[in-house]
Amino acid sequence: MRTMIYFIRHAESLYAEGQERLRGLSERGMVDALRVRTILQNESVEVFVSSPYERAVQTIKPLADAMHKEIIIVEDLRERTIGDIGGLSFPAAKQRVYQDFHLAFADGESSAVAQTRGVQALERLLEEYAGMVIALGTHGDIMTLIMNNYDREYGYKFWHSTTMPDIYRLVFEGRELIKAKRKWEE
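These numbers come from a predicted model, not from an experiment.

Visitor: Whenever I open this one, the packing of aromatic side chains confuses me. Can you help?
Guide: Aromatic ring pairs are described here by two measures, namely the spacing of the ring centres and the angle between the planes. Here the structure, examined in full by the defined rule, presents 7 aromatic pairs. Judged by centre distance (6.5 Å) and plane angle (70 degrees), the ring pair of Tyr 98 and Phe 101 falls under edge-to-face. Phe 101 gets classed as buried once you look at its relative accessible area, which sits at 19%. Aromatic side chains Phe 158 and Tyr 168 sit 5.1 Å apart centroid to centroid with 65 degrees between the ring planes, which places their arrangement in the edge-to-face category.

Printed below as a string of structure tokens:
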């Protein structure tokens with residue numbers, strides 16, 4: 001049974017120290033959330049699921065509202081906690097945790113731990129909503145780690161290439177990834 005999942009990376013959100021869960025979209029992000037709605041409005045999405053982070057929810061909310069659907073919050077789809085990266089730049093820290101999947105900075109998650117959490121959440125969705133079309137509000141890092149579980153081509157370079165927002169359509173046969181294609185600005 002084929003299940004289609006639209007991974008929708010959140011739109012632009014201005015960084016605010018200590019506000020990972022609560023920070024919403026910027027003005028530009030709100031406009032882009034409307035573009036997400038326009039791009040996916042004819043895709044017959046049946047289920048809306050999101051990370052609990054406000055920016056992910058706000059990115060898929062215009063589409064969910066247009067389709068008169070509720071958004072199901074799944075805690076385990078939250079973004080990876082990178083932790084205290086010391087003097088490293090953010091991209092350098094990300095590159096290190098992708099190179100060494102078991103490396104975890106202080107108060108952070110390794111790629112292996114975050115990937116396991118995210119994949120388990122995704123596989124529960126694949127089981128519960130088998131054969132349906134799902135829109136999933138997500139983040140660049142956890143999306144990349146989940147996709148990497150099914151195809152090792154998705155790693156640091158892929159993460160670095162994604163945009164805010166971004167849309168990837170993944171087709172699963174059971175728990176096997178059959179196809180993945182970028183849909184943003186198609």
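Now that the structure is up, let's keep going.
Visitor: Can you help me understand the side chain of Lys 183 in this one?
Guide: On the secondary structure map, Lys 183 appears in the segment after strand E6 (176-182). Residues contacting Lys 183, with those up to four places away along its chain left out, are Tyr 6, Ile 39, Leu 40, Glu 43, Ile 167 and Tyr 168.

Visitor: Sorry if this is basic, but what is going on with the side chain of Ser 50 here?
Guide: Assignment of secondary structure puts Ser 50 in strand E2 (residues 47-50). Under the relative-accessibility criterion, Ser 50 is labelled buried at 0%. Aside from chain neighbours lying at most four places away, what touches Ser 50 is Ala 56, Val 57, Ile 60, Ile 71, Ile 72, Ile 73, Val 74 and Gly 137.

Thresholds applied
- Residues numbered from 1 in each chain as written.
- Predicted model: local features only at pLDDT ≥ 70, side-chain atom pairs only at ≥ 80, totals over all residues.
- Heavy atoms only, no water.
- Phe/Tyr/Trp six-rings, centres within 6.5 Å; stacked < 30°, edge-to-face > 60°.
- Buried < 20%, exposed > 50% of the residue type's maximum accessible area, 1.4 Å probe, protein only.
- Helix = DSSP H or I, 4+ residues; strand = E, 2+ residues; numbered from the N terminus.
- Contact = heavy atoms within 4.5 Å.

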